[in-house]
Amino acid sequence: HPDASYWYTDVKNIRLIGLDSNHSFNPETKEWEHVPPGRTGARPGNTHVAHVHPVQMQWLKETLDDAQEKGLKVIVFTHHALSGAFNFNCGNSKEIRDLMEKYPKTAVMGICGDLHMDAFTVVNKIAYYSINATRYLASDKESYPEDAEYDLYELDKNKNVVKAGTQRLSEIRHSNYRYSDRP
């Protein structure tokens, strides 16, 4: 979508849909707002935190309709969890699940990353997976040696993956996250 932070792309017979669940509602302006750059949450006083806003929900319905007409399977990506089975979920995850369930032969999976853990569940025949891309330092149950080295990769001008070198764990720490050796 050219003017929005949500998107879709078709790869063979699968439609990948990316939703932006980083919106909240400002009761003073009566408008939906995106989480401001550099913040990790909604502005103080906003409601409906971690939501997929109504315009995007309508777009999702239209995008699912189109995928169904074309016989595509759909995987939906969000930052926040959709399954309802975890402690913190997208604020309107039930509404999104209800919509996805109206497309039983089309919508097959939801994938998120906000939980910082590997988790899998099935709700009404749709699979939901949380990918452990990074983990909080405070929740690490295992210590990784400070001198552990990790391979770093980049894309060349033709978008081929090439090894860019190695780096020690202590050099790749970012904020309060530590990259996992088992994402």
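It is worth spelling out helix α2 (residues 93–101) at this point. Where α2 is concerned, the buried positions are S93, I96, R97, L99 and M100. For α2, the buried positions fall inside an angular range of 160° around the axis, keeping them on one side. Those residues of α2 that are buried are in contact with α1 (54–69), β6 (73–77), β7 (107–112), β8 (119–123) and β9 (126–130).

This part takes up empty space enclosed by the protein. Throughout the structure, instances matching the rule amount to 1 cavity of 30 Å³ or more. If you add up the space inside the largest cavity, you get close to 60 Å³. Lining the largest cavity are 12 residues; nearest its centre among them are A81, L82, C112, Y128 and Y129. Mapped by element, the contributors of at least two residues to the lining of the largest cavity are β7 and β9. The residue makeup of the lining of the largest cavity, split by class, is 7 nonpolar, 5 polar and no charged.

The subject of this paragraph is the packing of α1 against α2. Helix packing for two helices is described by the angle between their axes and how far apart those axes are. With their axes 10 Å apart at the nearest point, α1 and α2 run at an angle of 20° to one another. For the element pair α1 / α2, the angle class is roughly parallel. In this structure, the crossing between α1 and α2 has a hand that is right-handed. Contact residues: M57, L60, K61 and L64 in α1; E95, I96 and L99 in α2. Looking at the contact of α1 with α2 residue by residue, the classes come out as 5 nonpolar, no polar and 2 charged.

The next thing to look at is the pairing of β8. Side chains A119, T121 and V123 project from β8 onto a buried face, and the interleaved F120 and V122 project onto a face without burial. Joining the antiparallel neighbours β8 and β9 is a turn of 2 residues, in which N124 adopts a positive phi near 50°.

Within the element layout of this structure, S83 appears in the loop between β6 and α2. A relative accessible area of 5% places S83 in the buried class. If sequence neighbours within four positions are ignored, S83 has contacts with N89, R97, T121, V123 and Y128.

About the criteria used
- Starting from 1, residues in each chain are numbered consecutively following that chain's sequence as written.
- Only residues with pLDDT of 70 or above have their local features reported here, since the model is predicted, and side-chain atom pairs are shown and tallied only from 80 upward, although totals for entire chains, interfaces and linings are computed over all residues.
- Derived side-chain values reflect all non-hydrogen atoms in the structure, with water molecules and hydrogen atoms excluded from consideration.
- For every residue, the accessible area obtained with a 1.4 Å probe (protein chains only) is divided by the maximum for its type, and the residue is called buried under 20%, exposed over 50%, and partly exposed between those limits.
- Helix and strand definitions follow DSSP, with helices as H or I runs of at least four residues and strands as E runs of at least two, each counted in order from the N terminus.
- To be clear, the arc concerns the directions from the helix axis to the C-beta atoms.
- We call two residues in contact when some of their heavy atoms are within 4.5 Å.
- In this analysis, the protein atoms alone were mapped onto a 1 Å grid. Cavities are point sets where a 1.4 Å probe fits without being able to get out; pockets are open sets with protein on both sides within 12 Å along at least five of seven lines; lining residues have an atom within 4 Å of a point.
- Grid points are joined across faces, edges and corners, and a volume is the space filled by probe spheres set on the points.
- Three classes are used, and their members are as follows: Ala, Val, Leu, Ile, Met, Phe, Trp, Tyr, Cys and Pro are nonpolar, Asp, Glu, Lys and Arg are charged, and the others, Gly among them, are polar.
- With axes taken as lines fitted to C-alpha atoms, and helix axes fitted only over the stretch in contact, angles between N-to-C directions fall between 0 and 180 degrees.
- Each angle receives one of four descriptions, namely roughly parallel if under 35 degrees, roughly antiparallel if over 145, roughly perpendicular if within 65 to 115, and oblique otherwise.
- In this scheme the handedness of a crossing depends on how the near helix is turned from the far one: anticlockwise by less than a right angle means left-handed, clockwise means right-handed.
- By the convention used here, strands pair only if DSSP detects at least 2 bridges between them.

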